[in-house]
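Per-entry structural report
As a plain string of letters, each chain reads:
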Amino acid sequence: MELLRVENLTKVYGSGDSAVRALDGVSFAVEKGCFLAIIGPSGSGKSTLLHILGGVDRPTSGKVFLDGQDVYAQNEDRLAIFRRRQVGLIYQFYNLIPVLDVRENITLPVLMDGRPVNEARLAELLDTLGLRGRERHLPNQLSGGQQQRVSIGRALMNTPAVVLADEPTGNLDSRNSQEIVELLKLSNRRYGQTLIVITHDERIALQADRVLALEDGRITRDEVLRP
């Protein structure tokens, strides 16, 4: 079942002689529950693509459909709700709120939505992520690997349709990197969530179901590793 469709996506920054074409006519579709790795050199358009898929940056032209919904046909208010409820974003540098503890950082998307916290869901995430007992710790009291686990918990708290991770292991050592990848794969399998990961790490890419390569804003490779 198709979850995500991208049609002729183009993103241009600037204008005239200084214009930079970050994405150039990108089109692909992703099945529900797929683990897709996006690879490519620096400046290839990977992060730009991820931000557009997540509703963070608008395309210059083209369309993005998530579960049949035209993402950028929504107004800004609806787009903000879409980001909170349908997309889980994970970044390399965690992006945790330093004055909020583990529990508050993980539940932030729910609280911003004005909804009650699902305590059973939170407890499950704390156990799965190995954060039980650290609920009241601030980010500066955690290791890098633990901070990334909190970031993952925040991304998963709303049970989004798609999880987007931008170099989620880029700031971690090899042991913590593999642990984070295993947690993302576990979420992918347990909750049937579509997982899209940007990575420079070939070892991570080879664990995906499918690999998409970008270069100069265009798709140069689209390979299914596991049907």
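All values reported here derive from a predicted model rather than from experimental measurement.

1. Observations concerning the overall build of the protein chain
Scanning the protein chain for helices and strands turns up seven helices and 10 strands. Computed over C-alpha atoms, the radius of gyration of the protein chain comes to 17 Å, within 12% of the 17 Å expected from 2.2 N^0.38 for 227 residues, which places it in the range of a compact globule. Here the protein chain holds 227 residues, and 51% of them are scored as buried. When contacts within the protein chain are restricted to residue pairs at least 6 apart in sequence, those whose partners lie at least 24 apart make up 70%. Entry remark: accessible area of the protein chain is about 10,500 Å², with carbon and sulfur atoms responsible for 48%. The averaged location of the 29 negative side-chain charges in the protein chain is 4 Å from the averaged location of its 28 positive side-chain charges.

2. Section: the sheet that holds strand E5 (residues 69-70)
Sheet architecture is open: four strands sit in the order E2-E1-E4-E5, paired in antiparallel fashion. Each of the sheet's edge strands pairs with one partner strand only, and the pair in question is strand E2 (20-31) and E5. As paired elements, strand E1 (residues 2-13) and strand E4 (residues 61-66) share five bridges and run antiparallel to each other. Considered in E4, the bridge of Arg5 is made with Phe65. Against the sheet, helix H1 (residues 46-53) engages E1, E2 and E4, with an angle of about 125° to E1.

3. What about the layout of surface pockets?
By volume, the largest pocket amounts to about 420 Å³. Lining the largest pocket are 15 residues; nearest its centre among them are Arg83, Arg84, Leu89, Pro109 and Arg154. In terms of residue count, strand E6 (residues 87-91) provides more of the lining of the largest pocket than any other element does, four residues in total. Split into classes, the residues belonging to the lining of the largest pocket amount to nine nonpolar, three polar and three charged.

4. A few points about helix H6 (residues 174-191)
The end-to-end C-alpha separation of H6 is 26 Å, in line with the 26 Å expected for 18 residues at 1.5 Å each. Of the residues making up H6, those classed as buried are Asn176, Ser177, Ile180, Val181, Leu183, Leu184, Lys185, Ser187 and Asn188. Against the buried residues of H6 lie strand E3 (35-39), E6, helix H4 (119-128), helix H5 (144-156), strand E8 (194-198) and helix H7 (202-205). Phi turns positive, to about 65°, at Gly192, one or two residues after H6.

5. Topic: the pattern of salt bridges
It is possible for side chains bearing opposite charge to pair when their charged atoms get close. Enumeration according to the criterion identifies 20 salt bridges in this entry. Across the pair Arg221 and Glu223 runs a salt bridge, and its minimum N-O distance is 2.8 Å. When its relative accessible area of 29% is taken as the criterion, Arg221 is described as partly exposed. Look at the salt bridges and you will find they share partners, linking Arg84, Arg85, Asp113 and Arg115 into a network.

6. Concerning the packing of helix H3 (residues 102-112) against H4
In the contact formed by H3 and H4, the axes pass within 11 Å of each other and the chain directions differ by 125°. Taken as axis vectors, H3 and H4 run oblique relative to one another. Considering only the axes of H3 and H4, their crossing is right-handed. On H4, the residues that touch Val102, Arg103, Ile106 and Thr107 of H3 are Glu119, Leu122 and Leu126. Considered class by class, the residues forming the contact of H3 with H4 number four nonpolar, one polar and two charged.

7. Re the packing of aromatic side chains
All told, the structure shown has zero aromatic pairs when counted by the stated rule. Directly above the ring of Tyr191 sits Arg121, whose terminal nitrogen or CZ lies 4.5 Å from the centroid.

8. Structural notes on empty space enclosed by the protein
Rolling a probe over the atoms, with the probe sized like a water molecule, indicates the empty space that remains. All chains considered together, the criterion is met by one cavity of 30 Å³ or more. By volume, the largest cavity is sized at about 50 Å³. Along the walls of the largest cavity sit Leu125, Thr128, Leu129, Leu156, Leu183, Leu186, Ser187 and Tyr191, which together make up its complete lining. Elements with a contribution of two residues or more to the lining of the largest cavity: H4 and H6. Class assignment for the residues of the lining of the largest cavity results in six nonpolar, two polar and no charged.

What counts and what doesn't
Note on numbering: residues in each chain are counted from 1, in written sequence order. Thresholds applied to this predicted model are a pLDDT of at least 70 for local features of residues and 80 or more for the giving and counting of side-chain atom pairs; totals over whole chains, interfaces and linings are not thresholded and use all residues. No hydrogens and no water enter the side-chain calculation; it runs on all heavy atoms of the structure. For helices the rule is a DSSP run of H or I covering at least 4 residues; for strands it is a run of E covering at least 2, with both sets numbered from the N terminus onward. For the radius of gyration, the atoms used are the C-alpha atoms, and the globule rule reads 2.2 Å times the number of residues raised to 0.38. To sort residues, take the accessible area from a 1.4 Å probe on protein chains only and compare it with the maximum for the residue type: under 20% means buried, over 50% means exposed, and anything in between is partly exposed. Note on contacts: a residue pair qualifies if any of its non-hydrogen atoms lie within 4.5 Å across the two residues. Here the accessible surface of atoms and residues is derived via Shrake-Rupley with a 1.4 Å probe, and residues count as covered only by protein chains that are part of the display. Just so you know, the count uses Lys and Arg for positive and Asp and Glu for negative, and it drops His and the chain ends. Here the site of a charge means NZ on Lys, CZ on Arg, CG on Asp, or CD on Glu. Pairing between strands is defined by DSSP: at least two bridges between the two strands are required. Lines fitted to the C-alpha atoms define the axes, with helices restricted to the stretch that makes contact. Angles between their N-to-C directions range from 0 to 180 degrees. A cavity here means a set of 1 Å grid points, computed over protein atoms only, where a 1.4 Å probe fits but cannot escape. A pocket is an open set with protein on both sides within 12 Å along at least 5 of 7 lines, and lining residues have an atom within 4 Å of a point. Grid points are joined across faces, edges and corners, and a volume is the space filled by probe spheres set on the points. Any residue that is not Ala, Val, Leu, Ile, Met, Phe, Trp, Tyr, Cys, Pro, Asp, Glu, Lys or Arg is counted as polar, Gly included; the first ten are nonpolar and the last four charged. Take the residue count of a helix, subtract one, and multiply by 1.5 Å to get its expected span. Any Lys or Arg side-chain nitrogen located within 4 Å of an Asp or Glu carboxyl oxygen qualifies as a salt bridge. The labels follow the angle: roughly parallel below 35 degrees, roughly antiparallel above 145, roughly perpendicular from 65 to 115, and oblique for the rest. Definitions for this section: a left-handed crossing has its near helix turned counterclockwise from the far helix by less than a right angle. A right-handed crossing has that turn clockwise. For Phe, Tyr and Trp, where Trp contributes only its six-membered ring, two rings pair if their centres lie within 6.5 Å, and the inter-plane angle classes them as stacked under 30 degrees, edge-to-face over 60, or tilted in between. Placement of a positive charge over a ring is assigned whenever Lys NZ or Arg CZ falls within 6 Å of the ring centre and within 35 degrees of the normal to the ring plane.

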